[in-house]
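# Structural description and commentary
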Amino acid sequence: MALRAAVLRHIRVPVRTLAATGSKPQLQWSLCNSIRLFSSDDDHLTKEEVIDRVLDVVKSFPKVDPSKVTPHVHFQNDLGLDSLDNVEIVMALEEEFKLEIPDKEADKIDSCNLAIAYIYNHPMAG
Amino acid sequence: MSGATTAAYLARRAAQKERVRILYRRALKDTLNWAVHRHLFYRDASDLREKFEANKHVEDLDTIDRMIADGEATYNKWRHPDPYIVPWAPGGSKFTRNPVPPSGIEIAYDYGREDND
């Protein structure tokens, strides 16, 4: 009986229940906005993150001595790699950052410095 | 005169090196396209690398040109019909879909709710 009364009251004045609970969902939505769970393009990688991930990729290349890798290292002059290894590293970087670098531009990337600058300035690096 | 020939030699050599690098890059990507699994790709990639390394010490310019042309012909013949393309790139599955709004426009993710609701 009490339940029925409650249901009837609920149905008769739906406007009041909406107004009463109105503030709660608003709070939830603003929370969602600040977290942004969706994958979005407008947030960009920070320089530190780019450097860390580039160095990780270079260090994990089989022919590279990880202790020699710094952000200013040149692949062929400092790490003793050849041009084909350079191609492989650039391809690994492309996979790491989900990029597609045009062939001519990828050919120019021959050092950690250049790779970091290119990836940091790329709008789609993720 | 010998300076000019040396410069021409070096220029031709540099052009060949660039062609080889780009050919290797494309062939390596295509290897990844053909490989169904990563562990298959590793073996195929090292085979590809060996093919390139086998002719590492060829000196004659015309022979090198012919080898590069052969390599490019082989690459074109075995090119994957449906290669992997990064989603946002032209031809990718997400190309021009849901484009980024111009800067200065704010999107309110409140689905039409008003402030006084």
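On a predicted model such as this, the values are computed, not experimentally measured, just so you know. Every residue gets a number counted from 1 within its own chain, in the order that chain's sequence is written. Each chain takes a letter, starting from A, and each ligand takes a number, starting from 1, following the order in which they are written. Predicted model: local features are reported for residues with pLDDT of at least 70 only, side-chain atom pairs are reported and counted for 80 or more only, and whole-chain, interface and lining totals are derived from all residues. Hydrogens and waters are ignored; side-chain quantities use all the structure's heavy atoms.

## So, the UniProt feature "domain: Complex 1 LYR protein" (unreviewed entry) in chain B
To keep it simple, the criterion reads: UniProt positions are given in the numbering used here, feature names are shortened, and annotations may be inferred rather than shown by experiment. Only DSSP runs of H or I with at least four residues qualify as helices, and only runs of E with at least two residues qualify as strands; both kinds are numbered from the N terminus onward.
According to UniProt, the "domain: Complex 1 LYR protein" (unreviewed entry) feature falls on residues 19-72 of chain B. Secondary structure content for residues 19-72 of chain B is 83% helix and 0% strand, and the end C-alpha separation is 9 Å.

## Focus: the UniProt feature "domain: Carrier" (unreviewed entry) in chain A
In the numbering adopted here, UniProt assigns the feature "domain: Carrier" (unreviewed entry) to residues 48-123 of chain A. Between the C-alpha atoms that bound residues 48-123 of chain A there is a distance of 16 Å. The span itself is 62% helix and 0% strand.

## Some points on the confidence of the model for chain B
Heads up, the rule is: The predictor attaches a confidence to each residue, and that confidence, scored 0 to 100, is pLDDT.
When the pLDDT values of chain B are averaged, the result is 90; 98% of them are 70 or greater. Scored by ipTM, the complex comes to 0.79, with pTM at 0.74.

## Here's the deal with the packing of helix H4 (residues 47-59) of chain A against helix H6 (residues 83-96) of chain A
Residues and elements named next belong to chain A. Spelled out, the test is: In this analysis, axes come from line fits to C-alpha atoms, helices being fitted only over the stretch in contact, and the angle between any two N-to-C directions falls in the range 0 to 180 degrees. Here the word oblique covers every angle except those under 35 degrees (roughly parallel), over 145 (roughly antiparallel) and from 65 to 115 (roughly perpendicular). Each crossing gets its hand from how the near helix is turned against the far one by less than a right angle, where anticlockwise is left-handed and clockwise is right-handed. By definition, residues are in contact when any of their heavy atoms lie within 4.5 Å.
Closest axis-to-axis distance for the H4/H6 pair is 10 Å, and the angle between their directions is 135 degrees. On the basis of the axis angle, H4 is oblique to H6. Of the two possible hands of crossing, H4 and H6 adopt the one that is right-handed. Of the residues in H6, those in contact with Arg-53, Val-54, Val-57 and Val-58 of H4 are Ile-89, Ala-92, Leu-93 and Glu-96.

## Some points on the packing of H6 of chain A against helix H1 (residues 2-34) of chain B
This is how the line gets drawn: Following the grouping adopted for this structure description, the nonpolar residues are Ala, Val, Leu, Ile, Met, Phe, Trp, Tyr, Cys and Pro, the charged ones are Asp, Glu, Lys and Arg, and the polar ones are all others, Gly among them.
Relative to each other, H6 of chain A and H1 of chain B sit at 45 degrees, their axes nearing to 10 Å. The angle between H6 of chain A and H1 of chain B falls in the class oblique. In terms of crossing hand, the pair formed by H6 of chain A and H1 of chain B is right-handed. Taken together, the residues of H1 of chain B that come into contact with H6 of chain A (itself represented by Ser-83, Leu-84, Val-87, Glu-88, Val-90, Met-91, Glu-94 and Glu-95 of chain A) are Arg-21, Tyr-24, Arg-25, Leu-28, Lys-29 and Leu-32 of chain B. Partitioning the contact of H6 of chain A with H1 of chain B into residue classes produces seven nonpolar, one polar and six charged.

## Remarks on helix H2 (residues 38-54) of chain B
Our working definition: Helix span is expected to be 1.5 Å times the residue number reduced by one. Using a 1.4 Å probe on the protein chains alone, a residue whose accessible area is under 20% of its type maximum counts as buried, one over 50% counts as exposed, and one in between counts as partly exposed. What the arc covers is the set of directions going from the helix axis to the C-beta atoms.
An ideal rise of 1.5 Å per residue puts 24 Å on 17 residues; H2 of chain B measures up with 24 Å between its terminal C-alpha atoms. Listed as buried for H2 of chain B are Phe-41, Ala-45, Leu-48 and Arg-49 of chain B. The buried side chains of H2 of chain B occupy one side of the element, clustering within an arc of 100 degrees when seen end-on. Exposed residues on H2 of chain B whose side chains face more than 90 degrees from its buried face are His-39, Arg-43, Glu-50, Lys-51 and Ala-54 of chain B. On its buried side, H2 of chain B packs onto H6 of chain A together with H1 of chain B.

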